[in-house]
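Inside the fold
What follows is each chain in one-letter form.
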Amino acid sequence: MGALKPLEIRGFQVFKGFLSPEEQSALVEDLRNVAESAPFFAPMTPSGKKMSVKMTSAGELGWVTDRSGYRYQANHPNGQSWPDIPKTVLSIWQAVSGCARLPDSCLVNFYGEGARMGLHQDKDEGCFDVPVVSISLGDDALFRMGGAEKGGKTDSIWLNSGDVVVMGGAARLAYHGVDRIRFGSSSLLPKGGRINITLRGVDDPRQD
Ligand code: SIN
Ligand code: MN
């Protein structure tokens, strides 16, 4: 894991080339195990549109969306609890988040050919003083970053396999999204595609 100074773009901290190829392969292996107990599923937005990414989760709480809305829940849609967050993933959080608490949610998104993610804010969590840490694996993605207001100016950057982004402070509630991926640009995943891991603190301990 490299501890290079991150690029700062609109308060987003972008750690380019943070993970070595070996660390990336180890993560893919760990995510394979996650997906074996919590299979990827095709989420549906509350308005009934199928999202282009496939997703699954690890940790106490996983993010899901269906006709009933966006939310975190303790179970996969198949009823089983989510597997533990892999240690390899937690160690990345510890290296970059600057946050003493550990994440209780690890969302895993898979982008196949043509998949994208519209501009949105991460705001379904119970506490916004905990940063969001996002890890890119596989194909390159054009990542767009804005501010906390809808419709404002944005900047874009290509995220490559092994890059890590921290959204904290003013960027915690900033709009962001993935316009497109360059399918087949990386050889990390044998069949192509991109995996994004998003770590979040969802449960607000002060509410317990
Ligand atoms: C997300 O915001 O949920 C995903 C971001 C990414 O895929 O880089
Ligand atoms: Mn997001």
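The following refers to the structure shown. (Residues numbered from 1 in each chain as written. Chains lettered and ligands numbered in written order. Predicted model: local features only at pLDDT ≥ 70, side-chain atom pairs only at ≥ 80, totals over all residues. Heavy atoms only, no water.)

Considering the arrangement of structural elements, one finds H76 in the loop between β5 (69-73) and α2 (87-96). For H76, a relative accessible area of 6% puts it in the buried group. (Helix = DSSP H or I, 4+ residues; strand = E, 2+ residues; numbered from the N terminus. Buried < 20%, exposed > 50% of the residue type's maximum accessible area, 1.4 Å probe, protein only.)

Taken together, N109, Y111, M117, H120, F143, H176, V178, R194 and N196 form the complete shell of residues around ligand 1. Note that an oxygen atom of ligand 1 is positioned 3.1 Å from one of the side-chain N or O atoms of H120. One of the side-chain N or O atoms of R194 is found 2.8 Å from an oxygen atom in ligand 1. When residues of the shell around ligand 1 are traced back to their parent elements, those giving at least two are β6 (105-111), β7 (117-120), β12 (176-181) and β13 (194-200). Broken down by class, the residue content of the shell around ligand 1 amounts to four nonpolar, four polar and one charged. (Near = heavy atom within 4 Å. Polar contact = N/O pair within 3.5 Å; in protein donor to acceptor, adjacent residues only side chain to side chain. Nonpolar A, V, L, I, M, F, W, Y, C, P; charged D, E, K, R; others polar.)

This brings us to the pattern of salt bridges. With the rule as written, the count across this model stands at ten salt bridges. E29 serves as the salt-bridge partner of R32, at 3.6 Å between the closest nitrogen and oxygen. Of the two residues, R32 and E29 are both situated in helix α1 (residues 21-37); the distance of three residues between them amounts to about one turn of the helix. Since its relative accessible area comes to 41%, R32 is described here as partly exposed. A relative accessible area of 41% means that E29 is categorised as partly exposed. A salt bridge links R144 to D179; the shortest N-O distance between them is 2.9 Å. In this pair, R144 sits in strand β9 (residues 141-145) while D179 sits in strand β12, placing the two residues 35 residues apart along the sequence. By relative accessible area, which is 22% here, D179 ends up partly exposed. (Salt bridge = Lys/Arg side-chain N within 4 Å of Asp/Glu carboxyl O.)

Turning to α2, its buried residues are V89, L90, I92, W93 and V96. Along α2, the residues classed as buried sweep out an arc of 155 degrees about the axis, all on the same side. Of the exposed residues in α2, those oriented more than 90 degrees away from the buried face are K87 and Q94. Where α2 is buried, its residues contact β2 (12-15), α1, β6, β8 (132-138), β11 (164-167) and β13. (Arc of directions from axis to C-beta. Contact = heavy atoms within 4.5 Å.)

Another aspect to go through is unusual backbone geometry. Despite not being glycine, R10 shows a phi value in the positive range, around 55 degrees. Looking at the element boundaries, R10 is found in the loop between β1 (7-9) and β2. Using a relative accessible area of 36% as the deciding quantity, one classes R10 as partly exposed.

Ligation of the manganese ion (ligand 2) by protein atoms is provided by H120 (NE2), D122 (OD) and H176 (NE2), these donors lying 2.2 Å from the ion. Taken in sequence order, the residues that donate to the manganese ion (ligand 2) follow the motif H-x1-D-x53-H. Here H120 is found in strand β7, whereas its partner H176 is found in strand β12, with 56 residues between them in sequence. (Donors = N, O, S within 2.8 Å, 3.2 Å for Na, K, Ca; no water.)

Okay, the state of the cysteines next. Overall, the coordinates contain zero disulfides when judged by the stated rule. C127 takes part in no disulfide bond, and the closest cysteine sulfur, belonging to C99, lies 8.4 Å away. (Disulfide = S-S within 2.5 Å.)

Turning our attention to the sheet that holds β6. Strand order in this open sheet of seven strands is β1-β2-β11-β8-β13-β6-β3, and the pairing throughout is antiparallel. Edge strands, defined here as strands with exactly one partner in the open sheet, are β1 and β3 (54-59). Along the sheet, successive strands turn relative to each other by an average axial angle of 20 degrees, direction set aside. Bridging between β1 and β2 involves three bridges; their strand directions are antiparallel. (Pairing = 2+ DSSP bridges. Axes fitted to C-alpha atoms, helices over the stretch in contact; angles between N-to-C directions.)

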